[in-house]
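Chain by chain, the residues run as shown.
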Amino acid sequence: MTIWPSFSGGVSKACATTARGARLSSISSSRGVAAIEIAPRGAILAPDEASRQQALSELAKASDQVATEVARLRGRVTDAQALEDIVRFEAAFSSYERNVDETLALLQQHKVD
């Protein structure tokens, strides 16, 4: 069984949400989002344990970076609609992270090929 985590059309697409004065697209251009889209596949396709651990380390760093960027954006936004967009992004991102965690759990059980 092959499993690829999906983020409702991609993390970048979700980040493109805009609201008066707030642009989540600034997050989509970050290295964190790029790594989040790539690292799970890297862990699954890794030829050895060292490569897998490298991909998992990159995923953890990227996740922290995105969380920091969202928190920074949240601190600058005062518009209610923009804050709602951030909340929606955070919910979608949290769901994506749960999907990745489930996939990685299957990987550790050797149920992903």
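Note on numbering: residues in each chain are counted from 1, in written sequence order. Under the rules for a predicted model, residues below a pLDDT of 70 receive no local features and side-chain atom pairs below 80 are neither given nor counted, while totals for whole chains, interfaces and linings still include all residues. Excluded from the side-chain calculation are hydrogens and water; included are all heavy atoms of the structure.

Caption draft 1: Fine view of the environment of D48. In DSSP terms, a helix is any run of H or I states spanning at least four residues, a strand is any run of E spanning at least two, and both are numbered starting from the N terminus. In this fold, D48 is placed in the loop between α3 (31-45) and α4 (49-76). Residue classification places D48 among the partly exposed positions, given a relative accessible area of 37%. Three labels apply to residues, based on accessible area from a 1.4 Å probe with only protein chains included: buried if under 20% of the type maximum, exposed if over 50%, partly exposed otherwise in between.

Caption draft 2: Quick peek at the side chain of S63. Summarising the element assignment, S63 is placed in helix α4. Taking the relative accessible area as the measure of exposure, S63 reaches 15% and is therefore buried.

Caption draft 3: Molecular detail of the packing of aromatic side chains. Whether two aromatic rings pair depends on their centres lying within 6.5 Å, for rings of Phe, Tyr and Trp, where Trp uses its six-membered ring; planes under 30 degrees apart make the pair stacked, over 60 edge-to-face, and the rest tilted. Across all of its chains, the model carries two aromatic pairs by this definition. With a centroid separation of 5.7 Å and 15° between ring planes, the pair formed by F89 and F93 is classed as stacked. Of this pair, F89 and F93 both sit in helix α5 (residues 80-108), four residues apart, which is roughly one turn of that helix. As far as burial versus exposure is concerned, F89 and F93 are alike and both buried. One aromatic cluster is present, built from ring pairs that chain together F89, F93 and Y96.

Caption draft 4: Structural view of the pattern of salt bridges. When a carboxyl oxygen of Asp or Glu lies within 4 Å of a side-chain nitrogen of Lys or Arg, that pair is called a salt bridge. The full count for this structure, using the stated rule, is three salt bridges. Its salt-bridge partner being E90, residue R74 comes within 2.3 Å of it at the nearest N-O pair. Placement of R74 in helix α4 and of E90 in helix α5 is noted, with a sequence separation of 16 residues between them. The salt bridge partner of R88 is D85, with a shortest N-O separation of 2.1 Å. Of the two residues, R88 and D85 are both situated in helix α5; the distance of three residues between them amounts to about one turn of the helix. Classification of R88 by relative accessible area gives partly exposed; the value is 46%.

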